[in-house]
Amino acid sequence: MTTASALIVVGVDGTPESDVALAFAIDEATRCRDSLEVVTAWETETSLTSVDLVYGVAEFPTEAQAQQQAERRQQEALERVLGGRPHSIVIATQVVRGQPGPVLVEAARKARLLVVGTRALGPVRAAILGSVSRYCARHAEGPLVVVPATAEPEDYQVVSTRE
Amino acid sequence: MFDRIVIATDGSAHGDRALDLARSLLSGETARLTVVHVTELIGGKGGVFPRAADEDQRRTRIASQVEGLQAAGVSVEFLTPTIRTGGPAHEIAEIADSLKADLIIVGSRGHSLFTKVVLGSVPIRLLQVAHCPVLVVPLPDEHNRPEA
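Analysis parameters
- Residues numbered from 1 in each chain as written.
- Chains lettered and ligands numbered in written order.
- Predicted model: local features only at pLDDT ≥ 70, side-chain atom pairs only at ≥ 80, totals over all residues.
- Heavy atoms only, no water.
- Helix = DSSP H or I, 4+ residues; strand = E, 2+ residues; numbered from the N terminus.
- Buried < 20%, exposed > 50% of the residue type's maximum accessible area, 1.4 Å probe, protein only.
- Contact = heavy atoms within 4.5 Å.
- Axes fitted to C-alpha atoms, helices over the stretch in contact; angles between N-to-C directions.
- Left-handed = near helix turned anticlockwise from the far one by under 90°.
- Nonpolar A, V, L, I, M, F, W, Y, C, P; charged D, E, K, R; others polar.
- Pairing = 2+ DSSP bridges.
- Right-handed = clockwise from strand over helix to strand, strands pointing away.
- pLDDT = per-residue confidence, 0-100.
- Core = buried A, V, L, I, M, F, W, Y, C linked by side-chain atoms within 4.5 Å.

Participant: How should I be thinking about the overall build of chain B in this particular structure?
Facilitator: Assigned secondary structure in chain B consists of four helices and eight strands. Start at the N end of chain B and walk to the C end: the helices and strands fall as β-α-β-β-β-α-β-β-α-β-α-β. Counting all 148 residues of chain B, 50% fall into the buried class. Summarising the internal contacts of chain B: among those between residues at least 6 apart in sequence, 73% fall at separations of at least 24.

Participant: How should I be thinking about the packing of helix H1 (residues 16-32) of chain A against helix H4 (residues 63-82) of chain A in this particular structure?
Facilitator: Packed helices, taken two at a time, are described by the angle between their axes plus the distance between the axes. All names here are of chain A. For the pair H1 and H4, interaxial distance at closest approach is 10 Å and the crossing angle is 65°. Seen from above, H1 lies across H4 with right-handed handedness. The segment H1 lies against H4, with Asp 19, Leu 22, Ala 23 and Ile 26 engaging Ala 77, Leu 78, Arg 80, Val 81 and Leu 82. Here the residues of the contact of H1 with H4 sort into seven nonpolar, no polar and two charged.

Participant: Would you take a moment to explain the pairing of strand E2 (residues 35-42) of chain A for this structure?
Facilitator: Every other side chain in a regular strand lies on the same face of the sheet, so the side chains alternate between the two faces. Residues and elements named next belong to chain A. Judged by how many residues are buried, E2 sits mostly within the fold: seven of eight residues are covered. Judged from the five bridges that link them, strand E1 (residues 7-11) and E2 form a sheet pairing that is parallel. When the sheet's bridge partners are listed, Ile 8 is paired in E2 with Leu 36. Taking the sense of rotation as the criterion, the β-α-β connection linking E1, H1 and E2 turns out right-handed. Direction of pairing for E2 relative to strand E3 (residues 91-97): parallel, over a ladder of seven bridges. Bridge pairing links Val 39 to Gln 94 in E3.

Participant: Before we go on, may I ask you to explain the confidence of the model for chain A in this structure?
Facilitator: It should be kept in mind that the predicted coordinates are not to be read in detail where pLDDT is low. For chain A, the mean per-residue pLDDT works out to 80, and 74% of the residues sit at or above 70. Looking over chain A, one finds the lowest element-wise mean pLDDT in helix H2 (residues 44-47) of chain A, namely 57, and the highest in E1(A), namely 96.

Participant: Would you mind going over the sheet that holds strand E4 (residues 47-50) of chain B with me for this structure?
Facilitator: By way of backbone hydrogen bonds, the strands of a sheet pair with one another, either parallel or antiparallel. Residue and element names in this part refer to chain B. Judged by pairing direction, the sheet is mixed, and its three strands sit side by side in the order E4-E3-E6 without closing on themselves. Every other strand in the sheet has two partners, leaving E4 and strand E6 (82-84) as the edge strands with one partner each. Taken pair by pair, the neighbouring strands of this sheet meet at an average axis angle of 35°, ignoring direction. As defined by bridge partners, strand E3 (residues 39-44) adjoins E6 across three bridges and the pair is classed as parallel. Note on E6: the bridge partner recorded for Glu 40 is Ile 83.

Participant: I would appreciate a short explanation of the nonpolar core in the present structure.
Facilitator: Side chains of a nonpolar character, in soluble globular proteins, are inclined to be buried together. Counting residues in each nonpolar core, the largest one holds 44 residues, and the members touching the most others are A:Leu22, A:Leu36 and B:Ile105. Per-element tally for this core: the top contributor is H1(A), with eight residues. Residues contacting A:Leu36, with those up to four places away along its chain left out, are A:Leu7, A:Ile8, A:Val10, A:Leu22, A:Ala25, A:Ile26, A:Ala29, A:Ile89, A:Val90, A:Ile91 and A:Ala92.

Pasting the structure below:
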């Protein structure tokens, strides 16, 4: 099953729950020596609801700015989760315009695993499931791992398999 | 790779696919696989019956698969909890919690009466109630998938 070039795709949007999913994916890629593709989707529509815009302290971002913001969110998430620790995996990154669900399902077409987080939390947890994880569960062509935000991030410490 | 995997199967061919995947994800000699098959009971005038008419065949089928895994050297146990209708997902999640599982594997759809349902009620409930990552195994390619 595990081939040298097997690929794990993980969806990252910069939220704490996506950090947990990213940690899980890095851990799994490290143990299986798979390569990892970190995918971040962005839409200008979602930017319209950002707090900065509501309070009028930010301009409407241009497409180039939205792309840059998504790239920065992705890089910051990687820095947070890797925490400067050495790692031995090949990490590719992709920042794509589009809805996260379809973007991730497309990116994972040839992947061994697609990994997403879910923000289902608290007493209302049973009633909601992240729309992205739900979309992926319905549409992903390959195995999907949904990592709950309640999973312990320390379970997924990055383990270097090489000196 | 995982050390403690709980796999929920209903004994369908789709469950077989999930079982193959589970085996490939076990991390090594210390890794343990727990196969869970939940039997749902429904009460009627004549007494209480398993929800699936072919329950015995399903259980036998899974048991032979478990034996096959044991023969192949996999550390595997087979749990067959019986519950009243309502909560296979909760039962599976509780078992995973008690075993400190690091992954639950489930097929996206098993023996569903409603073939238009693209994601079964058990996996979707599991995604909501499980405390550890859940791996959803999709249907094989030959099944038609509805468009988005």
